[in-house]
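# Observations on chain architecture
If you want the building blocks of each chain, they are given just below.
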Amino acid sequence: MARSEVVKIKRGGGAAQLVDEQSKGAGELRVAIHAPADILEARKRGRELAASLGFSSTDCTLVATAISELARNIVLYATEGEIRLAPTANANHVGVVITASDCGPGISDLRNAMRDGFSTSRGLGLGLPGVRRIMDDFDIASSPKSGTTVTIKKWRLR
Amino acid sequence: MEVPILKQGAYLIASIQSALEDDDLVRLRDALTAQVGRARSRGVIVDVTALDVMDSFATRTLSELASIIRLRGAEMVIVGIQPEVAVALARLGLNLEGVATVLDLEEGIAYLNYKAHAPGREKNPRGQI
């Protein structure tokens, strides 16, 4: 899998500027997330983008499912935030990059949140280990000051 | 988007028509929980053919519903999980453990009939329908 292109998002104060820079990128779509209905909108848009990039219907569903988990985390834990969707590419692959960001309280125990079963055993999971499993690239940054940003990518061969 | 619940003999059939918001799923859970008693139903079929995404919230709510229905003295079966959705669920590790799932509505009714007539047999009868 093409794991070389993982975007490292700075922790702390630098994250906000980075978000603003990226938002100027061409072909990017932003979906504001502040109500449960926005979860549906975000995953619909994500599916459409993946389909337009030639992903298989299974991959489109994986993308939509991952967006659903991330968008729900925003609604549940941060109240509001946004999902950004954009096409991306490298030498041999085309991809879709999804960034879920919020200015919520952050995840205090990131290591445990990424552990399988940690969340599910409590019934109200963050679903993050699952999201990591269904996507090719996964990157997360979280702090009480800057909230949480999750960046995920799905690739397919050209 | 409200999910219509049809009464078909001793069974209730909930046909999800489109993508559901979280609140819609919770309302469906509560409606089926109430109606299974009111209608004295022996079985509940939840048709998810129209769901193009089933995430952790949806599977958790449906698992919970299956437990509730069982506690109310009926059986529940989920029908129509799409192939792409099945792949996503398997990869996510959401295997709907303890919830009966069959291919389609027809199989769902066959499953409930089987359960109604073979109450002593707890083994998953999917292969025998």
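The structure contained in this document is the topic of the report that follows. (Residues numbered from 1 in each chain as written. Chains lettered and ligands numbered in written order. Predicted model: local features only at pLDDT ≥ 70, side-chain atom pairs only at ≥ 80, totals over all residues.)

What follows is about the interface of chain A and chain B. The partner chain B presents 17 residues to the 19 residues of chain A that form the contact. Broken down by secondary-structure element, the contributors of at least two residues to the side of chain A that touches chain B are helix H2 (36-52), helix H3 (57-78) and helix H5 (128-134) of chain A. At nine residues, the largest contribution of residues to the side of chain A that touches chain B is made by H3 of chain A. Looking at the side of chain A that touches chain B residue by residue, the class counts come to six nonpolar, nine polar and four charged. (Contact = placed C-beta atoms within 7 Å. Helix = DSSP H or I, 4+ residues; strand = E, 2+ residues; numbered from the N terminus. Nonpolar A, V, L, I, M, F, W, Y, C, P; charged D, E, K, R; others polar.)

In this section: the packing of H3 of chain A against helix H3 (residues 83-92) of chain B. Direction vectors running N to C along H3 of chain A and H3 of chain B enclose 55 degrees, while the axes themselves pass 9 Å from each other. Between H3 of chain A and H3 of chain B, the angle falls in the class oblique. When you trace H3 of chain A past H3 of chain B, the crossing you get is right-handed. The residues of H3 of chain B that touch H3 of chain A, namely those facing Ser 57, Thr 58, Thr 61, Leu 62 and Thr 65 of chain A, are Glu 84, Val 85, Val 87 and Ala 88 of chain B. Classifying every residue of the contact of H3 of chain A with H3 of chain B by side-chain character gives four nonpolar, four polar and one charged. (Axes fitted to C-alpha atoms, helices over the stretch in contact; angles between N-to-C directions. Parallel < 35°, antiparallel > 145°, perpendicular 65-115°, else oblique. Left-handed = near helix turned anticlockwise from the far one by under 90°.)

Here the phi dihedral of Thr 79 of chain A falls at roughly 70 degrees; this positive angle occurs in a residue that is not glycine. Mapped onto the elements, Thr 79 of chain A comes out in the loop between H3 and strand E2 (81-89). Its 14 C-beta neighbours within 10 Å are what place Thr 79 of chain A among the partly exposed residues. Here Leu 96 of chain B, not a glycine, exhibits a phi torsion of approximately 50 degrees, which is positive. Positionally, Leu 96 of chain B belongs in the loop between H3 and strand E5 (100-102). On the neighbour-count criterion, Leu 96 of chain B (16 C-beta atoms within 10 Å) is partly exposed. (Buried ≥ 20, exposed ≤ 12 C-beta atoms within 10 Å, placed from the backbone.)

Another point: the sheet that holds strand E3 (residues 43-47) of chain B. Residues and elements named next belong to chain B. Read from one edge of the open sheet, five strands run E1-E2-E3-E4-E5, paired in mixed fashion. Only two strands of the sheet have a single partner each, and these edge strands are strand E1 (5-8) and E5. Sheet twist, expressed as the average angle between the axes of neighbouring strands with direction ignored, equals 25 degrees. Note: E3 against strand E4 (residues 75-79), five bridges, orientation parallel. In the sheet register, Gly 43 faces E4, and the bridge partner there is Glu 75. Sitting on the sheet, helix H1 (residues 22-38) touches E1, strand E2 (11-15) and E3, and the angle it makes with E2 is about 165 degrees. Sheet strands touched by helix H4 (residues 105-117): E2, E3, E4 and E5. Its angle to E4, the strand with the most contacts, is close to 160 degrees. (Pairing = 2+ DSSP bridges.)

Moving on to the environment of Leu 6 of chain B. Position of Leu 6 of chain B relative to the elements: it lies in strand E1. Along the chain, Leu 6 of chain B and Arg 29 of chain B lie 23 residues apart, while their C-alpha atoms are 14 Å from each other.

Judged by nonpolar contacts, the single largest core of 66 residues is most densely connected at Ala 66 and Ile 83 of chain A together with Val 44 of chain B. Among the elements that line this core, the one with the most residues is H3 of chain A, at nine residues. Once residues within four sequence positions are removed from consideration, Val 44 of chain B is found in contact with Tyr 11, Leu 12, Leu 32, Val 36, Ile 69, Ala 74 and Met 76 of chain B. (Core = buried A, V, L, I, M, F, W, Y, C linked by C-beta atoms within 7 Å.)

The terminal C-alpha atoms of helix H2 (residues 56-71) of chain B lie 22 Å apart, and with 16 residues this matches the ideal 22 Å at 1.5 Å per residue to within 8%. Where H2 of chain B is concerned, the buried positions are Ser 56, Phe 57, Ala 58, Leu 62, Leu 65, Ala 66 and Ile 69 of chain B. The inward-facing, buried residues of H2 of chain B abut H3 and H5 of chain A together with H1, E3, E4 and H3 of chain B. In the stretch just after H2 of chain B, Gly 73 of chain B is the one whose phi turns positive, near 90 degrees. (Expected span 1.5 Å × (residues − 1).)

Residue and element names in this part refer to chain A. The five strands are arranged E1-E2-E3-E5-E4 in an open sheet whose pairing can be described as antiparallel. The outermost strands of the open sheet, each flanked by one partner alone, are strand E1 (29-33) and strand E4 (137-143). Strand-to-strand twist across the sheet, computed as the mean angle between neighbouring axes with direction ignored, equals 15 degrees. Looking at chain direction, E4 and strand E5 (residues 147-157) are connected through seven bridges and run antiparallel. Counterpart to Ile 140 in the pairing with E5 is Val 150. Against the sheet, H2 engages E1, E2, strand E3 (93-102) and E5, with an angle of about 165 degrees to E1.

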